[in-house]
Structures are given as structure tokens and as C-alpha cells.
Amino acid sequence: METSSGKVALVTGASGGLGSAIASLLEAAGINVVVTDLLVERKDQDQTALGKSPSAGHSMDRNCVSTDPTVSEVRTTETKSLTLEMDVRNPQNISEVFRRVEQDLGTVDILVNNAGLMDNFGLMQVQNPLRWEEHLRVNLTGAFLCSKAAWTGMVKSSWGRIINISSIAGLMGAFGQPSYGASKAGLIGLTRSLALEGATAGITVNAVCPGLIHTDAIKSHKPEFLDRMKNRTAMRRLGTPEEVAAVVLFLASAAASYVTGAAIPVTGGADLYTF
Ligand SMILES: NC(=O)c1ccc[n+]([C@@H]2O[C@H](COP(=O)([O-])OP(=O)(O)OC[C@H]3O[C@@H](n4cnc5c(N)ncnc54)[C@H](O)[C@@H]3O)[C@@H](O)[C@H]2O)c1
């Protein structure tokens, strides 16, 4: 497959779960990866540990992107990687991160909008408007702000890939999760709108819609719930982060040059009629 080796990718919310699997697979394909998330724990001088890391420059601890202020840019033989704190709710923070990446690695060619909140469960009567706002702010506006920050550079180089991590909930709705379902459906709308605008500028914009994927974030669900979800999935199992990352890698590659505006289910058939 024609890869995007040597390009620069930025992944949001990548300290664990799907984001870190995506970052690792892109890096393994020779792409220079910028790992960003809310929390950055600044470790003092631990170059040995960083050197040993499979994805040099960041550790994969949940909710913690570890880096060293003096060696925050750690070069492996083939790729360069950076770990930076970035809150997708904060436009100024986003601009600073994109400026820093431009200086250190070059234009962001591939943006993976992965940061997301999934924690607002409850039927309408108990839904809190502030939590609704927060979900939309992180899951949808965050992707808009990061795409906007990446757009000019992609237009200038006439090449870009934006990959939005939506959800099966964006395709089908989500019982008891109206803010999640709406934000992920909105992400598909954003994907298609930007795909139209990017089509003549060399920029493709696609969404990936995972079903239930085995990450730490879903471990808080009761076993009965997970069993029920497995039983309504045609393949009768949860997906792995790597199975989602593989689709992202394809969309990020030169080989996916004629794919845009797609919302690709990675669900093991959970969005199919099954019984
Ligand atoms: N795990 C699943 O079953 C599943 C299914 C469909 C879609 N998704 C989507 O995949 C993405 C990753 O999910 P995951 O399972 O790895 O969960 P996760 O909770 O491990 O990942 C979400 C990441 O987003 C980060 N984040 C939250 N708010 C942020 C902010 N304001 N700025 C920057 N980062 C922020 C978190 O710190 C976290 O690292 C999410 O968008 C989620 O909605 C997951």
C-alpha cells in the first residue's frame, strides 16, 4: 500500500485507548506523530526510559502523556515524535501547539480528531444542559477548532487528511446518551461539509465510526451491559483499538486519495440487523 511515510500527523486525546493505538500504528508506518492530550506529566530527565519506549517520546499511560521538557522531541531512527499538552476546548492552546509543530516538524498533514467524552449517561429528565454543552464542546467543537488550525497548512501544501473519530452512536443514535449521539452525528456532518470544501484542495475528510471497542474507557460498564452489546454485534465480540487504527492508517495513506466524506463503520456488524 502507498503509505504516508515521512508525513506529520497530530492525534488528539491520544494518551490512551484508541488514540494511542492510532498514534502507534501511524508511527510504525513511518509517519512523524504528535501525541496530544489534556494532561502532560513532565518527567525529569528519563531519556533511557524514553529511548526504550516503542513509540519514543511518549508513554502510553492512561490520561497522561509523559514527556521530558528538555527532550520533549525524541527522534527514533526513522520518525520524529512530539508529545504536547493540548485541550481541544482552548483555541489559543491549539494555535500554540500547531505553531510549535510547524516549527519543529513541519505542517500537520494528517489530523486525527480522536479526543472525546463518553461519560454523560442518563434519560432526558435527568440530563444536565451543562454536560450537554461540554460534550458538544469537546466532541464536536474541538474537532472543528483543530481542523481549522490544520486547514491553512493543508491548503498550502495541497495535501491533507482529516480523520474524525465518530461512533456507531453518530450513525444510529445512543439510548440514554443524547449528547454523545448528537455530538458524534454532528461530527459526521462536519466531516461531509469539510470534505466538500477540501475536495478540490487535495484534502480528504473522513469519519470512522467504531462500535464497542475494548479500551479502558468502557471498562466501567457493567459486564451484563457488555454481554448485551456483544450479543447484538454480528461478530459477537468487541473490537480492538488496533482494528480501528488500521482503518485510520488506510484513510491517512496516499492509497485513500479518492475516499472522502465517508463515515466508515468499524463495528463488527453491530449496525446491521441481527438477532
Ligand atoms: N471505546 C469505544 O468503544 C468507542 C466507540 C466509539 C467511539 N469511540 C470514540 O473514540 C475516541 C477515543 O475513545 P477511547 O475509548 O480511547 O476513550 P478514552 O477516554 O481513553 O479517550 C478519550 C481521550 O480524550 C481525551 N480528552 C477528553 N477531553 C479532552 C479535551 N478537552 N482536550 C483534549 N483531549 C481530551 C481524554 O483525556 C482521553 O485521553 C473518543 O472520541 C470516543 O468517543 C470510542
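Note that residues are indexed from 1 along each chain, following the sequence as it is written. The model is predicted, so local features are restricted to residues of pLDDT at least 70 and side-chain atom pairs to those at 80 or more, both for listing and for counting; the totals for chains, interfaces and linings are taken over all residues. Hydrogens and water are ignored here; the side-chain numbers use all heavy atoms of the structure.

### Quick look at the nonpolar core
Applicable threshold: To form a nonpolar core, buried Ala, Val, Leu, Ile, Met, Phe, Trp, Tyr and Cys residues must be joined to one another through side-chain atoms within 4.5 Å. Relative accessibility decides the category of a residue: with a 1.4 Å probe and only protein chains considered, values under 20% of the type maximum give buried, values over 50% give exposed, and everything between is partly exposed. Only runs of H or I of at least four residues qualify as helices and only runs of E of at least two qualify as strands under DSSP, and these elements are numbered from the N terminus. Residues are treated as being in contact if the distance between any of their heavy atoms lies within 4.5 Å.
Leu10, Val34, Met86, Phe98, Val101, Leu111 and Val205 are the most contacted members of the largest nonpolar core, which has 29 residues in total. Elements that contribute at least two residues to this core include exactly β1 (8-11), β6 (80-85), α3 (91-104), α4 (129-157), α6 (178-198) and β9 (203-210). With 7 residues, the top contributor of residues to this core is α4. Non-local contacts of Val205, meaning those with residues more than four positions away in its chain, are made with Trp151, Ile162, Asn164, Thr191, Leu194, Ala195, Thr260, Gly261 and Ala262. Residues Ala23, Ile213, Val248 and Val266 belong to the second largest nonpolar core, which totals 26 residues.

### Section: the packing of α4 against α6
Using the following cut-off: With axes taken as lines fitted to C-alpha atoms, and helix axes fitted only over the stretch in contact, angles between N-to-C directions fall between 0 and 180 degrees. Each angle is binned into one of four classes, with values under 35 degrees roughly parallel, values over 145 roughly antiparallel, values of 65 to 115 roughly perpendicular, and all other values oblique. Crossing handedness is defined as follows: a turn of the near helix away from the far one that is anticlockwise and smaller than a right angle gives a left-handed crossing, while the clockwise case is right-handed. Three residue categories are used. Nonpolar comprises Ala, Val, Leu, Ile, Met, Phe, Trp, Tyr, Cys and Pro, charged comprises Asp, Glu, Lys and Arg, and polar comprises the others, including Gly.
Where α4 meets α6, the axes come as close as 8 Å, and the angle between the chain directions of the two elements is 20 degrees. Here α6 runs roughly parallel to α4, going by the angle between their axes. As for the relative orientation of α4 and α6, their crossing is right-handed in sense. Residue-level inspection shows Trp132, His135, Leu136, Asn139, Leu140, Ala143, Phe144, Ser147 and Trp151 of α4 in contact with α6, the latter providing Pro178, Ser179, Tyr180, Ala182, Ser183, Lys184, Gly186, Leu187, Leu190, Leu194, Glu197 and Gly198. For the contact of α4 with α6, the class distribution of residues is 12 nonpolar, 7 polar and 2 charged.

### Description of helix α8 (residues 241-252)
Owing to its 3.6 residues per turn, the α-helix brings residues three or four apart onto one side. Filter applied, for reference: The span you would expect from a helix comes to 1.5 Å times its residue count less one.
Helix length check: α8 (12 residues) gives 16 Å between terminal C-alpha atoms against 16 Å at 1.5 Å per residue, within 8%. Within the sequence span of α8, burial applies to Pro241, Val244, Ala245, Val247, Val248, Leu249, Leu251 and Ala252.

### Points about unusual backbone geometry
One non-glycine residue, Ser158, adopts positive backbone phi at about 55 degrees. Here Ser158 shows up in the loop between α4 and β8 (160-165). By relative accessible area, Ser158 is classed as partly exposed at 48%. Even without being a glycine, Arg236 presents a positive backbone phi close to 55 degrees.

### Some details on the site of the ligand
In plain terms, the rule: Consider each residue's heavy atoms; a residue with any of them within 4 Å of a molecule or strand counts as near. By the criterion applied in these results, polar contacts are pairs of N or O atoms within 3.5 Å in which, for protein atoms, one can donate a hydrogen and the other can accept it, and in which residues neighboring in sequence qualify only through two side-chain atoms. Here the Shrake-Rupley method, with its probe set to 1.4 Å, supplies the accessible areas, and only the displayed protein chains count as covering residues.
Residues in contact with the ligand amount to 30 residues; listed here are only the nearest, Leu18, Asp37, Asn114, Tyr180 and Thr215. In this structure, Asp87 approaches the ligand through a side-chain N or O atom, which is 2.9 Å from a nitrogen atom. In the model, an oxygen atom of the ligand is placed 2.9 Å from a nitrogen or oxygen of the Lys184 side chain. Protein coverage of the free-state accessible area of the ligand, which is 820 Å², stands at 95%. Residue assignment for the shell around the ligand shows that the elements contributing at least two residues are α1 (17-28) and α6. Looking at the shell around the ligand residue by residue, the classes come out as 15 nonpolar, 10 polar and 5 charged.

### Let's talk about the environment of Asp119
Residue placement: Asp119 occurs in the loop between β7 (110-113) and α4. Residue Asp119 is classed as partly exposed on the basis of its relative accessible area of 43%. The spatial distance from the C-alpha of Asp119 to the C-alpha of Ser220 is 10.0 Å, given a sequence separation of 101 residues. When neighbours within four sequence positions are excluded, Asp119 is seen to be in contact with Arg131 and His135.

### Section: the pattern of salt bridges
Note the cut-off: Should a side-chain nitrogen of Lys or Arg be within 4 Å of a carboxyl oxygen of Asp or Glu, the pair is scored as a salt bridge.
Inspection of every chain in the model, using the stated rule, returns 8 salt bridges. Here Arg89 and Asp87 are joined by a salt bridge, their closest N and O atoms 2.7 Å apart. When its relative accessible area of 27% is taken as the criterion, Arg89 is described as partly exposed. Beyond isolated ion pairs, a larger network of salt bridges with shared partners links Asp87, Arg89, Glu134 and Arg137.

### Points about the side chain of His135
Position of His135 among the secondary structure elements: in helix α4. The exposure class assigned to His135 is buried, which follows from its relative accessible area of 1%. Here Ser179 takes part through its side chain, which lies 3.0 Å from a polar atom of the side chain of His135. Setting aside its immediate chain neighbours within four residues, His135 contacts Leu117, Met118, Asp119, Asn120, Leu140, Ser179, Tyr180 and Ser183.

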